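# Structure assessment
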Amino acid sequence: MRLPDKTTTMEQAIAAIPDGATIMLGGFGVPGTPFLMIQELVRQNKRDLTIIKNDANETGMGVDHLLVAGCVRRLITTHLGLNANAIRLMNEGAIEVEFCAQGMLAERIRAGGAGLKGVVTDIGIDTEMGAGKQRIEIGGEVAMIETALRAGVALLHAARADTFGNLRFAATARNFSPLMAMAADTVIVEAEEIVPPGDIAPDDVHTPGPFVDHVVHVPQLSGEYAVVRR
């Protein structure tokens, strides 16, 4: 059986994303953040985006470029503490921000990928994050429903991919990227190394190729974007 070659160019992959899209961005701080695809979103002037990401990166890095360029309408995240621009835009009402507990963000994405409508939890139930959410009683205890998260597109950064889309992530890039690959209609990956099918050992595949639609080769990141290999 001949597996399809999913490699494409950065420009073509990002051009297919419409204005108003909901986009999941992989990454845990620097590791796994698709920095070069974020730059291409800005270059192509994509607008009115909803971004789902663990963090807003630091000022002058990653998601901050989308914010400064006015590409983002809504941000679903766990914290903004490293990005003064994001905090300012939120306080000015220029972007809408929905906060989630970090584990709950992962669970909502996992639920979306598993075809569930949501998860039931008591985490944050008596805080601002629980305001307005549906509550139910289970076993005599009150809990609330956190809706599942899905996206039209997931943009991920992999250390290694094969041409079919089997992926290997480095370090903490694995925290959210495999979940997002299951919870998006279209999955686009920038990979530092692309190899033929079979060159990634089965036990090293963190996301199987059937979940991936497009693979873009990018140079190995260096400097402030470098990922520590383990």
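Shown above is the structure to which this text applies.
Just so we're clear, the structure is a prediction, and the values are computed from it rather than from any experiment.

Rules used in this analysis
- Residues numbered from 1 in each chain as written.
- Predicted model: local features only at pLDDT ≥ 70, side-chain atom pairs only at ≥ 80, totals over all residues.
- Heavy atoms only, no water.
- Salt bridge = Lys/Arg side-chain N within 4 Å of Asp/Glu carboxyl O.
- Helix = DSSP H or I, 4+ residues; strand = E, 2+ residues; numbered from the N terminus.
- Buried < 20%, exposed > 50% of the residue type's maximum accessible area, 1.4 Å probe, protein only.
- Pairing = 2+ DSSP bridges.
- Right-handed = clockwise from strand over helix to strand, strands pointing away.
- Axes fitted to C-alpha atoms, helices over the stretch in contact; angles between N-to-C directions.
- Core = buried A, V, L, I, M, F, W, Y, C linked by side-chain atoms within 4.5 Å.
- Contact = heavy atoms within 4.5 Å.

Our next topic: the pattern of salt bridges. Here the structure, examined in full by the defined rule, presents 15 salt bridges. Glu98 is the salt-bridge partner of Arg74, the closest N and O atoms lying 2.5 Å from each other. Remark: Glu98 occurs in strand E4 (residues 96-99) and Arg74 occurs in strand E3 (residues 72-77); sequence separation between them is 24 residues. A residue is classified by how much of its surface remains accessible, and Glu98, at 18% relative accessible area, is buried. For Glu193, the salt bridge is made with Arg160, and the minimal N-O distance between the two is 3.2 Å. One end of the pair, Glu193, is in the loop between strand E11 (184-191) and strand E12 (194-195); the other, Arg160, is in strand E9 (residues 160-162), and 33 residues separate them in sequence.

Successive side chains on a regular strand alternate, one facing one side of the sheet and the next facing the other. With 4 bridges joining them, strand E2 (residues 49-52) and E3 adopt parallel strand pairing. Its bridge partner lying in E3, Ile52 is registered against Ile76. Handedness of the crossover joining E2 and E3 through helix H3 (residues 63-68): right-handed. In this structure, E3 lies alongside E4, joined through 4 bridges in parallel fashion. Note on E4: the bridge partner recorded for Thr77 is Phe99. You can see the chain leave E3, run along helix H4 (residues 84-92) and come back into E4, and the turn it takes is right-handed.

Next up on the list: the sheet that holds strand E6 (residues 135-138). The strand order across the open sheet built from 3 strands is E5-E7-E6, with neighbouring strands paired in antiparallel fashion. Every interior strand has two partners, whereas the edge strands, strand E5 (118-121) and E6, have only one. Neighbouring strand axes in the sheet, compared pairwise and without regard to direction, differ in orientation by 35° on average. Here E5 runs beside strand E7 (residues 141-147); their pairing, made up of 4 bridges, is antiparallel.

Residues Ile17, Ile23, Leu25, Ile51, Leu66, Leu155 and Ile188 are the most contacted members of the largest nonpolar core, which totals 30 residues. The set of elements that each furnish at least two residues to this core consists of helix H1 (10-15), strand E1 (22-25), helix H2 (35-43), E2, H3, E3, H4 and strand E8 (151-158). The biggest single contributor to this core is H2, with 4 residues. Residue contacts for Ile23: discarding those within four places in its chain leaves Ile17, Leu41, Leu49, Thr50, Ile51, Ile52, Ala151, Val153 and Leu155. If you look at the next biggest cluster of nonpolar residues, it comprises 26 residues, including Ile52, Phe169, Ala184 and Val212.

None of this, on its own, says anything about what the molecule does.
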